[in-house]
Amino acid sequence: MEQFLTAPAEHDHASSPIEVEHLTVSYNGHQALHDVSFTIEQAQRIAVVGPNGSGKTTLFKALAGTIDPESGEIRVFGHGPCGHVCIAYVPQRNQIDWDFPASVADVVMMSRARKIGFARWPRRNDWNAVQEALERVDMARLSKRQIGELSGGQQQRVFLARALAQEAEIILLDEPLTGLDTPSQQSMFRILDELHQDRITIMVSTHDLNMAADRFDTVMLINRSLVAFGPPEEVFTRPYLMKAYGDHLRILPDEPTLTIVADTCCEGDEPA
Ligand code: ADP
């Protein structure tokens, strides 16, 4: 609903998709993020990793403009984070009310609210955008299905379709792979690869450090503050990992490569 109420943000395409300077976010006086600064370039693929409670979700919410910083600045394409249609935030699946009575197509259409405008009905081009988005994630055949009847992998693809129908240029995915089986994960990566080819900027939070190293060009390691930010081989070093995870991490002694086992996760797998 807030999409109807706020004016669309300005958008400067010459600016970086995301610039963050000295960001601090607190809940009731407790700092969840402290003095975080980074810049993200267009089409970058970033895995955001860190232990439970390290501030990954808080960072995404701040970037999406759904919570306010205590201090610091966030710029999305050169302007404040609120009101952008170019940024799509996909929350963790357990944060969504799957009993809400809506079809797959309805849920995807909701992402077009701002483009449709207040008190107007969707037009043909809106339905076309929804159809195209569902086709891209291979969910068109289930467009009339209630969202609560979908598997975890299908639900995740519907939310990617929402981001596509919104014509987002930045997509923030909060633990999209947690609990998905291998075929569903592969399907997600196929879609993410296509989005990368379309020069969409993608940030994905994950607990799977090995997957972050294999599938992303950049890793952001956080634990309330930014521990390291760069290519996986520069971030996944013993000192940085120990700084972020401390006792929750075991690094198996098979130098020169690091084998990493973090014990801060996870839900069980579920069917595709
Ligand atoms: P992560 O996504 O890495 O698990 P979060 O961003 O969810 O971390 O949480 C960071 C810190 O902020 C944690 O200490 C958590 O308990 C706290 N926190 C998150 N959301 C809230 C909230 N709505 N109210 C109070 N504290 C919160």
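You'll find the structure just up there.
Worth saying up front: this structure is predicted, and the values here are computed from it rather than measured. (Residues numbered from 1 in each chain as written. Predicted model: local features only at pLDDT ≥ 70, side-chain atom pairs only at ≥ 80, totals over all residues. Heavy atoms only, no water.)

**Q** Please explain helix α7 (residues 182-197) as it appears in this structure.
**A** Because an α-helix packs 3.6 residues into every turn, residues spaced three or four apart end up facing the same way. Compared with the 22 Å implied by 1.5 Å per residue over 16 residues, the 23 Å span of α7 between its first and last C-alpha is a close match. Those residues of α7 that are buried lie in contact with α5 (124-136), α6 (152-165), β6 (170-174), β7 (201-205) and α8 (209-215). Arg199, located one to two residues past α7, shows a positive phi value of around 65°. (Helix = DSSP H or I, 4+ residues; strand = E, 2+ residues; numbered from the N terminus. Expected span 1.5 Å × (residues − 1). Contact = heavy atoms within 4.5 Å.)

**Q** I keep staring at the nonpolar core and nothing clicks. Help me out?
**A** Counting 54 residues, the largest nonpolar core has Leu160, Leu195 and Leu221 as its most contacted members. Take this core: its biggest share by element is seven residues, from α6. Ignoring anything within four residues of it in the chain, the contact list for Leu221 reads Val49, Gly50, Leu226, Val227, Ala228, Val235, Tyr240, Leu241, Ala244 and Tyr245. Formed by 26 residues, the second largest nonpolar core is a distinct cluster that contains Val25, Leu63, Ala64 and Cys86. (Core = buried A, V, L, I, M, F, W, Y, C linked by side-chain atoms within 4.5 Å. Buried < 20%, exposed > 50% of the residue type's maximum accessible area, 1.4 Å probe, protein only.)

**Q** Sorry, what's going on with the packing of aromatic side chains here?
**A** The geometry of an aromatic ring pair comes down to the distance between the two centres and the angle between the two planes. Counting across every chain of the model gives four aromatic pairs. Between the aromatic rings of Phe38 and Phe229, the centroid separation amounts to 5.8 Å while the plane-to-plane angle is 50°, which identifies the pairing as tilted. Taken together, the positions of Phe38 in strand β2 (residues 30-40) and Phe229 in strand β9 (residues 225-230) put the pair 191 residues apart, joining distant regions of the chain. Since its relative accessible area comes to 28%, Phe229 is described here as partly exposed. A ring pair is formed by Phe60 and Tyr89, whose centres lie 6.4 Å apart and whose planes are at 70°; its orientation type is edge-to-face. Here Phe60 is found in helix α2 (residues 56-64), whereas its partner Tyr89 is found in strand β5 (residues 87-90), with 29 residues between them in sequence. Its relative accessible area of 22% is what places Tyr89 among the partly exposed residues. Stacked on the ring of Phe189, the Lys or Arg Arg215 has its end atom at 4.0 Å from the ring centre. (Phe/Tyr/Trp six-rings, centres within 6.5 Å; stacked < 30°, edge-to-face > 60°. Lys NZ or Arg CZ within 6 Å of the ring centre and 35° of its normal.)

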